[in-house]
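# Observations on the model geometry
Each chain is listed here by its residues.
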Amino acid sequence: MTQQTWRTAWAPGRVNLIGEHTDYQDGWCLPIAIGRGTTVKFRPSQDAISVITSDRFHEVVRVNTDTVSRAQIRGADSAAAYETGWGSSVVSLIAALRERGHEIAAIEAHVHSDVPLGSGLSSSASFMVALAMAFTDAADSPTSQLHGVELAHTAQRGEHINGVPCGIMDQMASVFGQEHNAVLIDCRSATTQLIPVPDSLGVVVIHSGLPRTLADSQYAQRRIACAAACERLGISALRDANLDEVADDPFARHVVTENRRVLTFVAALRANDPSALGSILNESHRSLADDFMVSTPELDTLCSLLNDAGAYGARLTGAGFGGCVVALADIAEAQVIADEAARRYQQLTKLQPLHFITAAAAGARFLANRE
Ligand code: GLA
């Protein structure tokens, strides 16, 4: 690529249809990529300094792409300013790219995103995936371009270096999403299978108006509870546990039953059985609320209101503790159902919900200039 050519990397957010808190236990999940995402418009810098701006954050990130090391990030070098904020994500991603041996070049870039921040729709994963594509594409060597599972793993590694202990679902959904299809992810083998979503189904998303932060202690605590259950059972992941073995442990029981629900949900999608899909969504929500304890009264209310308004079923989506719910509804009624549930929610809670109807969209790619 010549010095002056601008390119645009784009990566979507995701909505998880089912399979919550299963990814870091080698389980299954079934997200769709959505039409909202992060755009990184970039060109190679003239020197080793990357200069990155964003519509969302005022701070301009300037970083020497050649000298970033992991030690810099968490304060070993106090001159490395980006211990927090979005600069920290950039530096962490560069460190992940280097650690995994990827060739990168410094870029001048502008970031734009239409995924609501902290909503459980993977704004962060879509940012990391798009930025990784930009840094490696700028290196302009035949082997530098990053895609597929390695792109997802590198973006996930960037989150880990940045102190966010996420699983692999969000990055895989962002990379492997396809129009009209949900992505069945086997998180043990990091393999995917596309599962067609019938056109008659509308996917409703409502943001509760309560922000959530993934790095917060609750998510990490659930991971610890699951790891403790594995240790007790002498297994490496709860994917290998039977229901009998976890009957008395609500956290582990959620993971084991949720994995089963993913597979029955896939069968119900294939059979185009909306009422079965709805029941499984409702069961998933109950399990997340009662066993895994990651719901909030507001998310419970939204799910009930969506059911009352005529959705087939509804559940919280993403890590929980705020953020969004997802529901399935007849495509012809989805908008009316979403409007009604959001209106009643606002009346009851005085919170401002953001709601929209979405559909399975294509995954990360470079956009042609006119896109
Ligand atoms: C967050 C994490 C994912 C996954 C979900 C819960 O979105 O980033 O890896 O663990 O929570 O299913």
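Up top is the structure.
The text that follows walks through the structure, step by step, so that each part is easy to find. (Residues numbered from 1 in each chain as written. Predicted model: local features only at pLDDT ≥ 70, side-chain atom pairs only at ≥ 80, totals over all residues. Heavy atoms only, no water.)

### Quick notes on the overall build of the chain
Basically, it comes down to this: Strands here are runs of E lasting at least two residues and helices are runs of H or I lasting at least four, both read from the DSSP assignment and numbered beginning at the N terminus. Note on classification: 1.4 Å probe, protein chains only; a residue is buried when its accessible area is under 20% of the maximum for its type, exposed when over 50%, partly exposed between these limits. Here a residue-residue contact requires only that any non-hydrogen atoms of the pair lie within 4.5 Å. Residue exposure ignores everything except the shown protein chains as possible cover, and the areas themselves are Shrake-Rupley values with a 1.4 Å probe.
Looking only at helices and strands, the chain features 10 helices and 12 strands. Along the three orthogonal principal directions, the C-alpha set of the chain runs to about 60 × 50 × 40 Å. Expressed as a percentage of the 371 residues in the chain, the buried residues total 56%. Here the contacts in the chain between residues at least 6 apart in sequence split such that 73% fall between residues at least 24 apart. Of the accessible surface of the chain, which amounts to about 14800 Å², a share of 50% is contributed by carbon and sulfur atoms.

### Description of helix α3 (residues 123–138)
The test is simple: Residue count minus one, scaled by 1.5 Å, sets the expected span of a helix.
Given a rise of 1.5 Å per residue, 16 residues ought to cover 22 Å, and the 23 Å separating the end C-alpha atoms of α3 matches this to within 8%. With respect to burial, α3 is a largely interior element, 15 of its 16 residues being buried.

### Some remarks on the pattern of salt bridges
This is how it is decided: Each reported salt bridge corresponds to a side-chain nitrogen of Lys or Arg within 4 Å of a carboxyl oxygen of Asp or Glu.
For the structure shown, the criterion picks out 15 salt bridges. Linking Arg7 and Asp137 is a salt bridge whose minimum nitrogen-to-oxygen distance equals 3.0 Å. Linking Arg7 in strand β1 (residues 7–18) with Asp137 in helix α3, this pair joins segments that are 130 residues apart in sequence. Of the residues examined, Asp137 reaches a relative accessible area of 6% and is grouped as buried. Taken together, the shared-partner salt bridges connect Glu20, Glu258, Arg261 and Arg315 into one network.

### Regarding the environment of Phe42
Checked against the element boundaries, Phe42 lands in strand β2 (residues 28–44). A sequence separation of 21 residues divides Phe42 from Val63, and the C-alpha atoms of the two residues are 15 Å apart.

### Side note on the site of the ligand
To be explicit about the condition: The nearness test applies per residue and asks whether one of its heavy atoms lies within 4 Å of the molecule or strand. Two N or O atoms count as a polar contact when they lie within 3.5 Å, although within protein this holds only if one can serve as hydrogen donor and the other as acceptor, and sequence-adjacent residues are included solely when both atoms are side-chain atoms. When residue character is reported, Ala, Val, Leu, Ile, Met, Phe, Trp, Tyr, Cys and Pro are called nonpolar, Asp, Glu, Lys and Arg charged, and the others, Gly included, polar.
Close contacts around the ligand come from 13 residues, with Glu20, His21, Asp23, Asp170 and Tyr219 the closest. The separation between an oxygen atom of the ligand and a polar side-chain atom of Asp23 is 2.5 Å. Within the side chain of Tyr219, one N or O atom sits 2.6 Å away from an oxygen atom of the ligand. Burial of the ligand by the protein amounts to 98% of the accessible area it has alone, namely 300 Å². Residue composition of the shell around the ligand, by class: six nonpolar, three polar and four charged.

### Some remarks on the environment of His207
With respect to the helices and strands, His207 occurs in strand β8 (residues 201–207). Residue His207 is classed as buried on the basis of its relative accessible area of 10%. Not counting the four nearest positions on each side in its chain, His207 is found in contact with Gly118, Ser119, Leu302, Gly323, Cys324, Gln352, Pro353 and Leu354.

### Quick word on the packing of helix α8 (residues 274–291) against helix α9 (residues 297–308)
Rules: An axis is simply a line fitted to the C-alpha atoms; with a helix, the fit covers only the stretch in contact. Between two such axes, the angle follows the N-to-C directions and lies from 0 to 180 degrees. Reported orientations rely on four angle classes, namely roughly parallel under 35 degrees, roughly antiparallel over 145, roughly perpendicular from 65 to 115, and oblique for the rest. The handedness criterion is simple: a crossing whose near helix is rotated anticlockwise from the far helix by less than a right angle is left-handed, and one whose near helix is rotated clockwise is right-handed.
Where α8 contacts α9, the two axes come as close as 11 Å, and the packing angle between them is 165°. Our classification of the angle between α8 and α9 gives roughly antiparallel. The element α8 and its partner α9 pack so that their crossing is left-handed. Residues Asn282, His285 and Ala289 of α8 form the contact with α9, whose own contacting residues are Leu299, Asp300, Cys303 and Asn307.

### Looking at the nonpolar core
Generally speaking, nonpolar side chains in soluble globular proteins are found buried as a group. Let me state the cut-off plainly: Nine residue types can take part in a nonpolar core, namely buried Ala, Val, Leu, Ile, Met, Phe, Trp, Tyr and Cys, and a core is a set of them joined through side-chain atoms within 4.5 Å.
By size, the foremost hydrophobic cluster in this structure holds 46 residues, and its most contacted members are Val40, Phe42, Ile52, Val90, Ile107, Leu131 and Phe135. Setting aside residues no more than four positions away along its own chain, Val40 makes contact with Arg7, Thr8, Ala9, Ala109, His110, Val111, Ala130, Leu131 and Ala134. Grouped together as the second largest cluster of nonpolar side chains are 36 residues, Leu238, Val255, Leu305 and Ala314 included.

### Considerations on the packing of α3 against helix α4 (residues 148–161)
Where α3 meets α4, the closest approach of the two axes is 9 Å, and the angle between their N-to-C directions is 120°. On the basis of the axis angle, α3 is oblique to α4. α4 is crossed by α3, and the crossing has right-handed handedness. Where α3 abuts α4, its residues Ser124, Ala125, Met128, Val129, Ala132 and Met133 lie against Leu151, Ala155, Gly158 and Glu159. Of the residues assigned to the contact of α3 with α4, the class counts are seven nonpolar, two polar and one charged.

### Some details on the pairing of strand β10 (residues 324–330)
To be explicit about the condition: When DSSP locates at least two bridges between a pair of strands, those strands are taken to pair.
In terms of burial, β10 is largely enclosed, as six of its seven residues are buried. Where β8 meets β10, seven bridges bridge the pair, whose relative direction is antiparallel. Bridging from a neighbouring strand, Leu201 pairs with Asp330 of β10. Across five bridges, the pairing between strand β9 (residues 313–317) and β10 is antiparallel. Bridging from a neighbouring strand, Gly313 pairs with Leu328 of β10. Between β9 and β10, which pair antiparallel in sequence order, lie six residues; one of them, Gly318, sits at a positive phi of approximately 90°.

### Structural notes on the pairing of β1
Within β1, 11 of the 12 residues are buried, which leaves it mostly tucked inside the rest of the structure. The sheet contact formed by β1 and β2 spans 10 bridges and is antiparallel. Paired with Asn16 across the bridge in β2 is Pro31.

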